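Here is how the chains run, residue by residue.
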Amino acid sequence: MERVVIVTGANSGIGLALCERLLTENSQIRLCLACRNMQRAEAARSALLTSHTGACVDLLHLDVGSVRSVLTAAKEVKTRYRKIDFLYLNAGIMPNPQVDIRAFIKGLFSRNVINMFATAEGLLTQQDHLNSDGLQEVFATNLFGHFLMIRELEPLLCQAGHTSRVVWTSSSNARRSAFDIEDMQHRNGTEPYSSSKYASDMLSLALNRQKNSQGLFSSVICPGLVMTNLTYGILPSFFWTLIMPIMWLIRIFTNTFTLTPYNGAEALHWLFLQAPESLDPRAKYHSLTSGLGTNYTEPQRMDIDEEMSEALYKKLLKLETVVRRKLSEENADNKAYQQYLNETE
Ligand SMILES: NC(=O)C1=CN([C@@H]2O[C@H](COP(=O)(O)OP(=O)(O)OC[C@H]3O[C@@H](n4cnc5c(N)ncnc54)[C@H](OP(=O)(O)O)[C@@H]3O)[C@@H](O)[C@H]2O)C=CC1
Ligand SMILES: CC(C)=CCC[C@@H](C)[C@H]1CC[C@H]2C3=C(CC[C@]12C)[C@@]1(C)CCC(=O)[C@@H](C)[C@@H]1CC3
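Fair warning: this is a prediction, and the values are worked out from it, not measured in the lab.

Asks: Can you help me understand the layout of surface pockets in this one?
Replies: Over the atoms a probe the size of a water molecule is rolled, and this reveals where empty space is left. Counted as a void, the second largest pocket has a volume near 350 Å³. Lining the second largest pocket are 17 residues; nearest its centre among them are T119, S172, K284, H286 and Q300. No other element matches the three residues that strand β9 (residues 283–289) contributes to the lining of the second largest pocket.

Structure representation (structure tokens):
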């Protein structure tokens, strides 16, 4: 039977590579590219159809960082599909990243050097800001928009006699110490990316506890360090090209330098092939590439405590209520204003 697969952030990088791999290595897939930029989404669709003539590739407009857009997109999904087999929550941002050069040089001469290259711990900060919904942009995009999407699509994801999967593209940059449950949006810190990815790891665990009995299973992956628009925002692409031989060398010592979107999508595709019952809800599945270029997936236990993941889940539900209330008030105001305009015309 045809499997419905939705991928957010599918118009470039790891998301697009996943789509390419899904179509190449599996038959009977109905793929839905859920993207913010529809011009790039059209281009991605054309590229996929060029290499896979006759494939079923749909487009869906989704700005996962906007509450209104998520609700509209979810409504559209519910009219188009009767079930969802896989929902890949892949869209993500790291705005205005800054590398701490002194920490990098110090790290090079420390015993922690391999860990530094694998996780960028202590190396990266970002500048975040409030979006038009009044939420921190990184939190809204990397976590909350996806949470809202799951909540809206629950009728399709939690169906009797059917198993659905959600897969989060997290990161080894996710760090417990960057996350504060009293400041889940990371308003007060300088590592919103790390915080949002740690929150997605926790949310995945909470979703498994809450929803496995209803047939919904959640997993998290790390694609490794991949050359995409996201990494070109950290250092310019010509610089990455220049240091590519060094990166291949580093790959001998840390298999986390997957480098290409195809390699980075390894764990995402591997999960597609696994039975959900065989997966560990506390594991993060890492895409890895050996020095000789062989791809494989390996689980690593996440540093998560159940109480905090449950607390996060509850806080997200509360925020959802607030956000929905605000939206319906705005809608009522707009309606009243429109009526006023009509009457005064
Ligand atoms: N590259 C790497 O080394 C690593 C990446 N990751 C994660 O992988 C995921 C994919 O990133 P990657 O492929 O590297 O980078 P890209 O920038 O190539 O891809 C990011 C995708 O997310 C989309 N996106 C961003 N914001 C929104 C939004 N508000 N609504 C809808 N779509 C949005 C982008 O679309 P648009 O065209 O609209 O910008 C794009 O398609 C991210 O979650 C990232 O955090 C994790 C670890 C390492
Ligand atoms: C490789 C050389 C010689 C220099 C580059 C140094 C850093 C810019 C680089 C080292 C580790 C990298 C890294 C990431 C970004 C770039 C580095 C800091 C990530 C944070 C990118 C996004 C992720 O989600 C992580 C998995 C990456 C971890 C490693």
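Let's pick the thread back up.
Asks: Which parts of the structure should I look at to understand empty space enclosed by the protein?
Replies: Summed over all chains, the structure comprises two cavities of 30 Å³ or more. When its volume is computed, the largest cavity comes out at roughly 50 Å³. Forming the walls of the largest cavity are V67, D133, V323, K326, L327 and E330. A per-element tally of the lining of the largest cavity places helix α14 (residues 306–344) first, with four residues. Split into classes, the residues belonging to the lining of the largest cavity amount to three nonpolar, no polar and three charged. Roughly 40 Å³ of volume is contained in the second largest cavity. Forming the walls of the second largest cavity are L89, N90, A91, N142, H146, W168, T169, K197 and S200. The set of elements that each furnish at least two residues to the lining of the second largest cavity consists of α6 (137–152), β7 (164–169) and α8 (192–211). Of the residues belonging to the lining of the second largest cavity, the class tally is three nonpolar, five polar and one charged.

Asks: Would you explain the packing of aromatic side chains in this entry?
Replies: Inspection of every chain in the model, using the stated rule, returns nine aromatic pairs. Ring centres 4.7 Å apart and planes at 45 degrees place the aromatic pair F86 and F272 in the tilted group. Placement of the pair is F86 in strand β4 (residues 86–89) and F272 in helix α13 (residues 266–272), with a sequence separation of 186 residues. The class for F86 is buried, based on a relative accessible area of 2%. Accessibility expressed as a relative area gives 2% for F272, which makes it buried. The interplanar angle of 80 degrees and the centroid separation of 5.9 Å between the aromatic rings of F104 and F117 together place this pair among those described as edge-to-face.

Definitions and cut-offs
Residues numbered from 1 in each chain as written. Chains lettered and ligands numbered in written order. Predicted model: local features only at pLDDT ≥ 70, side-chain atom pairs only at ≥ 80, totals over all residues. Heavy atoms only, no water. 1 Å grid on protein atoms, 1.4 Å probe; cavity = no way out; pocket = protein on both sides within 12 Å on 5 of 7 lines; lining within 4 Å. Points joined across faces, edges and corners; volume = space filled by probe spheres on them. Helix = DSSP H or I, 4+ residues; strand = E, 2+ residues; numbered from the N terminus. Nonpolar A, V, L, I, M, F, W, Y, C, P; charged D, E, K, R; others polar. Phe/Tyr/Trp six-rings, centres within 6.5 Å; stacked < 30°, edge-to-face > 60°. Buried < 20%, exposed > 50% of the residue type's maximum accessible area, 1.4 Å probe, protein only.

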